[in-house]
Amino acid sequence: MTTCARAPAPSFGGVEVRARVHISQSGVSAQIRQLERELGAELFDRSARTVTLTVAGKAALEHARAALAAAGAVGEAVDEVAGLIRGRLTVGMVIGCTLTPLFEALAAFHAAHPGVEISLLEDSSDRLTEAVRGGAVDVALIGTATAAPDGLEALTIVSERLVAAVPADHPLAKKRRVTLRDLTAYPIVCMPPGTGLRAVFDQACAAQNLQPTIALQASAADAMADLAARGLGVAVLSTSMAESYRDRLTARTLDDAVAPALLALVWKGAPGPAVREVLVHSRQAFADCPGPRR
C-alpha cells in the first residue's frame, strides 16, 4: 500500500490559514488549488516541510490584500450610510502615560458604537508611531518632539516645557534660573529612548553639544519622581508631570530648552469611520485636560 505525505496547510507567522478563516485544512487546500487552476500558476511551493509563496504567489499577494482592503472599505461605506460602525479599533497608548480622558473617550465611543471591538495596547512612542504607519494600530496617544510625525495626522493634546525636578535641599532648587549646562553637572533621571520627552531632551542637549549623564531611566513618571526624591538624580519631566510631585520635589523650568514636549493623538490620513468617531470623542474628553494645549 502506497502512502502519501500530506502537504501542510499554508501558514503565516505560525498561525494556520484555516484557523483564521474557520475552514478545515482540506477546504483551504481545495480553494487554493481551485484558485491556482484559474490563474494557471502555483501560488505555494509545497516541496519543503514549510509551505512558502512562489514568485507568482508573491506577485498575487499584494493584489489580494488590496482586494480585501477594498471589500472592507465597501462594507464601511455601506455601514456609514446606514449609520452603523462595526469592526475592530486598535488604540495605542505610550507606556507610563495613563490619561483618564483617553479612557473616557473610549468609553463614550463604546457606548455609541457597541458593535466595534476595541483593543488597547501600550508601547514606546516610536514603536506606536510605526505601528500606526503600518496599519497595525488605528490611532495612538504618543509623546513626540514634532507636531505631526512624518506621514501621519496629529492632534496635539499637551504642549509643555521641560523642567528639572529635585528635592528642596538640592543646589538646583536654590537657583532662580536653571540651564541645560547647569543640569548636566548632575546625574539625570530620564525617560528611555523612544519616548517623546527623551527625544526633546536629547535634541536640546545636542543643539548645545552637551553630553548629559543619564544615570537612571524609567518609563513611569512616578518612578522618576521617587528616584529623584531619594537623591539619585535630577528628574527631567514636563511641567504638568512635575506638578503632581510638588509636595516632595521642586521644579525649575529649563531656561534654554524652549522646544516643548508634546503629547498627541496620531493616525493615518483618510481615516475610516471608527477612527473619525473616536477622534470626535477624544477631542471632547481632552477639552479639560490639564496643561497647555494647541
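Residues numbered from 1 in each chain as written. Predicted model: local features only at pLDDT ≥ 70, side-chain atom pairs only at ≥ 80, totals over all residues. Heavy atoms only, no water.

**Student:** What is the right way to look at the side chain of Ser-125 in this model?
**Tutor:** Within the secondary structure layout, Ser-125 lies in helix H5 (residues 125–134). A residue is classified by how much of its surface remains accessible, and Ser-125, at 1% relative accessible area, is buried. If sequence neighbours within four positions are ignored, Ser-125 has contacts with Val-94, Ile-142, Gly-143, Gly-194, Thr-195 and Gly-196. (Helix = DSSP H or I, 4+ residues; strand = E, 2+ residues; numbered from the N terminus. Buried < 20%, exposed > 50% of the residue type's maximum accessible area, 1.4 Å probe, protein only. Contact = heavy atoms within 4.5 Å.)

**Student:** Help me understand the pattern of salt bridges in this model?
**Tutor:** One pass over the full model with this rule turns up seven salt bridges. In this structure, Asp-123 engages Arg-127 in a salt bridge whose closest nitrogen and oxygen atoms are separated by 2.6 Å. Looking at Arg-127, the relative accessible area reads 52%, which means it is exposed. Salt-bridge contacts for Arg-133 lead to Glu-130; the nearest nitrogen and oxygen are separated by 2.3 Å. In this pair, Arg-133 and Glu-130 are both assigned in helix H5, three residues apart and thus about one turn of the helix distant. (Salt bridge = Lys/Arg side-chain N within 4 Å of Asp/Glu carboxyl O.)

**Student:** Got a minute to help me understand the pairing of strand E14 (residues 261–267) in this structure?
**Tutor:** Side chains on a regular strand alternate between the two faces of the sheet. Burial within E14 is extensive, with seven of its seven residues counted as buried. Here E14 shows two buried faces, one formed by Ala-261, Leu-263, Leu-265 and Trp-267 and the other by Leu-262, Ala-264 and Val-266. Both strand E7 (residues 139–144) and E14 contribute to a ladder of six bridges, which runs antiparallel. When the bridges of E14 are listed, Leu-141 appears paired with Leu-265. When strand E8 (residues 153–160) meets E14, the two strands line up antiparallel, connected through seven bridges. Across the sheet, the residue bridging to Val-158 is Leu-263, located in E14. (Pairing = 2+ DSSP bridges.)

**Student:** When you look at the layout of surface pockets in this model, what are you seeing that I'm missing?
**Tutor:** Unfilled space is identified by rolling a water-sized probe across the atoms. The volume enclosed by the second largest pocket comes to roughly 640 Å³. Lining the second largest pocket are 29 residues, and of these Cys-97, Leu-99, Ser-240, Met-241 and Leu-263 sit closest to its centre. Mapped onto the lining of the second largest pocket, the elements with two or more residues apiece are helix H4 (100–112), E8, helix H7 (196–207), helix H8 (221–229), helix H9 (239–243) and E14. (1 Å grid on protein atoms, 1.4 Å probe; cavity = no way out; pocket = protein on both sides within 12 Å on 5 of 7 lines; lining within 4 Å. Points joined across faces, edges and corners; volume = space filled by probe spheres on them.)

**Student:** Just checking my understanding: could you explain unusual backbone geometry for this structure?
**Tutor:** Glycine aside, residues mostly have negative phi, and peptide bonds are mostly found in the trans state. Unlike most non-glycine residues, Asn-209 shows phi in positive territory, near 55°. Classification of Asn-209 by relative accessible area gives exposed; the value is 71%. Positive phi outside glycine occurs at Ala-270, with the angle close to 55°.

**Student:** Honestly, the sheet that holds E8 in this entry has me stumped. Any pointers?
**Tutor:** Note on sheets: strands pair through backbone hydrogen bonds, and any given pair is parallel or antiparallel. Read from one edge to the other, the open sheet built from five strands follows the order E6-E5-E7-E14-E8, with strand pairing classed as mixed. Taken across any chain shown, the strands that pair with only one partner, and hence form the sheet edges, are strand E6 (116–123) and E8. Mean inter-strand twist for the sheet, computed between neighbouring axes without regard to direction, equals 20°. By the bridge criterion, eight bridges tie strand E5 (residues 87–94) to E6 in an arrangement that is parallel. (Axes fitted to C-alpha atoms, helices over the stretch in contact; angles between N-to-C directions.)

**Student:** When you look at the state of the cysteines in this model, what are you seeing that I'm missing?
**Tutor:** One covalent bond between the sulfur atoms of two cysteine residues makes up a disulfide. In total, this model carries zero disulfides according to the counting rule given. Summary of cysteine pairing: Cys-190 is not part of a disulfide, and the nearest cysteine sulfur, belonging to Cys-205, is at 8.5 Å. Residue Cys-190 is classed as buried on the basis of its relative accessible area of 0%. (Disulfide = S-S within 2.5 Å.)

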